[in-house]
Amino acid sequence: MTKIKSNCVLITGGASGIGRIMGRMSLERGARQLVIWDINEQNIASTEAEFSALGKVKGYKVDVSNPQAVEQAYRTTCQECGDVDIVINCAGIVTSNKTFDQQTLTDIERTMSINAVAPMVVARQALPDMLRRNHGHICNIASAAGMLSNPKMSVYAASKWAVIGWSDSVRIELKEARSKVRFTTVAPYYINTGMFDGVRSRLFPILDPERTSRKILNAIERNKDFRGIPFSFHFIRACQAILPTSWFDLIMGRWVGIYSTMDHFTGRKK
């Protein structure tokens, strides 16, 4: 079992959304040190100020899409905060609800860089130390969109499919190596943090960020390999396996309304 208590927890995107909530909960569960990586200096400062009453917290401005910045930040983090025991790759973006033909190359590269490549870059820094100590846990926040094709979010879905495939592959590598280092892949539905403002969902409710954050930390502490949130989402996966594509598109996509969830997307206001 991986316990958050007495361990150093590093969270990317940790100054907003569920990253911020998981940081607070980690301190409440007795984390030795919370490390926040984020791009927003103002949010970092306010999070540090608020959470300092709960325990040791240190924030760094890090652009996770820049491998050199990640390498330097990880080196500084270890020097100032000690060994990192748990990494939660939570930083992510969604740029628009445009169809793929309207996507710009800049948006494609930015989305893939932050959502898909950055977790690999961060893990590449943390994993060697964890393997050396035979101790550590890396949790990668993917998305239900990484298991279900959805119109008007093709690039985002692609980035999350990549995370799920990579993360679970490394999990198997660690298992075959008989390592005590663990990987957990999390695939939540839409979460009410502002990132997906405007989304409308008929079948499943938009997830509560507090409850979702708690479920993610519980999955880490219980060494879960994979956690879909809500669990009932796996019903859709079962339908994918059983139904012909045309039936699934009609029943789940059109009648249930999955394929129209992004129609009114606005995203987080600047």
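See the structure above.
Because the structure is predicted, anything quoted here is derived from the model rather than measured.

Undergrad: Break down the layout of surface pockets for me, with residues and values.
TA: A volume near 1200 Å³ is recorded for the largest pocket. In terms of lining residues, the largest pocket is bounded by 47 residues, among which Gly92, Ile93, Val94, Met195 and Arg268 are the most central. Contributions of two or more residues to the lining of the largest pocket are made by helix H1 (17-28), strand E2 (33-38), helix H4 (105-133) and helix H5 (154-176). Within the lining of the largest pocket, the residues separate by chemical class into 26 nonpolar, 14 polar and 7 charged.

Undergrad: So, the packing of helix H3 (residues 67-81) against H4: which residues are in play, and what are the values?
TA: Put simply, H3 and H4 touch, their axes get as near as 9 Å, and they point 35 degrees apart. The two elements H3 and H4 cross, and the hand of that crossing is right-handed. In contact with Pro67, Val70, Glu71, Tyr74 and Cys78 of H3, H4 contributes Val121, Val122, Gln125, Ala126 and Asp129.

Undergrad: Can you tell me about the environment of Gln68, naming the residues and giving the values?
TA: Tracing the backbone through its elements, the reader meets Gln68 in helix H3. Separated by 44 residues in the primary sequence, Gln68 and Arg24 place their C-alpha atoms 28 Å from one another.

Undergrad: I'd like a description of the packing of aromatic side chains, backed by residues and values.
TA: Here the structure, examined in full by the defined rule, presents 6 aromatic pairs. Ring centres of Tyr156 and Phe196 lie 5.4 Å apart, and the angle between their planes is 80 degrees; on these two criteria the pair is classed as edge-to-face. Taken together, the positions of Tyr156 in helix H5 and Phe196 in the loop between strand E6 (182-188) and helix H6 (209-221) put the pair 40 residues apart, joining distant regions of the chain. For the pair Tyr156 and Phe196, one class covers both residues: buried. When the centroid spacing of 5.1 Å and the interplanar angle of 65 degrees are considered together, the rings of Tyr190 and Phe196 count as edge-to-face.

Undergrad: With reference to specific residues and values, describe the pattern of salt bridges.
TA: Should their charged atoms come close, side chains of opposite charge can pair. Per the counting criterion, the structure on display carries 14 salt bridges. In this structure, Arg32 engages Asp85 in a salt bridge whose closest nitrogen and oxygen atoms are separated by 3.6 Å. Taken together, the residues Arg32 in the loop between H1 and E2 and Asp85 in the loop between H3 and strand E4 (86-89) connect sequence positions 53 residues apart. Using a relative accessible area of 32% as the deciding quantity, one classes Arg32 as partly exposed. Arg132 is the salt-bridge partner of Asp129, the closest N and O atoms lying 3.7 Å from each other.

Undergrad: Summarise the side chain of Arg171; cite the residues concerned and give the values.
TA: Secondary-structure assignment places Arg171 in helix H5. Arg171 sits in the buried class, given a relative accessible area of 16%.

Undergrad: Give me the environment of Thr104: which residues, what numbers.
TA: Note that Thr104 resides in the loop between E4 and H4. Assessed through its relative accessible area of 36%, Thr104 is described here as partly exposed. Engagement of the side chain of Thr104 in a polar contact is seen with the backbone nitrogen of Asp107, the distance being 3.0 Å.

Undergrad: So what's going on with empty space enclosed by the protein? Residues and values would help.
TA: Unfilled space is identified by rolling a water-sized probe across the atoms. This model, assessed by the stated rule, comprises 1 cavity of 30 Å³ or more. By volume, the largest cavity amounts to about 50 Å³. Around the largest cavity sit Val94, Thr95, Ser96, Gln103, Thr111, Met153, Ser154, Val155 and Tyr156, which together line it. Among the elements that line the lining of the largest cavity, the one with the most residues is H5, at 3 residues. Looking at the lining of the largest cavity residue by residue, the classes come out as 4 nonpolar, 5 polar and no charged.

Undergrad: Account for the sheet that holds strand E7 (residues 226-229), with residues named and values stated.
TA: Ordered by their spatial adjacency, 7 strands build an open sheet running E3-E2-E1-E4-E5-E6-E7, and the pairing between neighbours is parallel. Here the strands that pair on one side only, and so sit at the sheet edges, are strand E3 (57-61) and E7. Across the sheet, the mean angle from the axis of one strand to that of its neighbour is 15 degrees, orientation sign disregarded. Strands in contact with H3 are strand E1 (8-12), E2 and E3; relative to E2, the strand with the most contacts, it is inclined by about 160 degrees.

So, how was this worked out
Residues numbered from 1 in each chain as written. Predicted model: local features only at pLDDT ≥ 70, side-chain atom pairs only at ≥ 80, totals over all residues. Heavy atoms only, no water. 1 Å grid on protein atoms, 1.4 Å probe; cavity = no way out; pocket = protein on both sides within 12 Å on 5 of 7 lines; lining within 4 Å. Points joined across faces, edges and corners; volume = space filled by probe spheres on them. Helix = DSSP H or I, 4+ residues; strand = E, 2+ residues; numbered from the N terminus. Nonpolar A, V, L, I, M, F, W, Y, C, P; charged D, E, K, R; others polar. Axes fitted to C-alpha atoms, helices over the stretch in contact; angles between N-to-C directions. Left-handed = near helix turned anticlockwise from the far one by under 90°. Contact = heavy atoms within 4.5 Å. Phe/Tyr/Trp six-rings, centres within 6.5 Å; stacked < 30°, edge-to-face > 60°. Buried < 20%, exposed > 50% of the residue type's maximum accessible area, 1.4 Å probe, protein only. Salt bridge = Lys/Arg side-chain N within 4 Å of Asp/Glu carboxyl O. Polar contact = N/O pair within 3.5 Å; in protein donor to acceptor, adjacent residues only side chain to side chain. Pairing = 2+ DSSP bridges.

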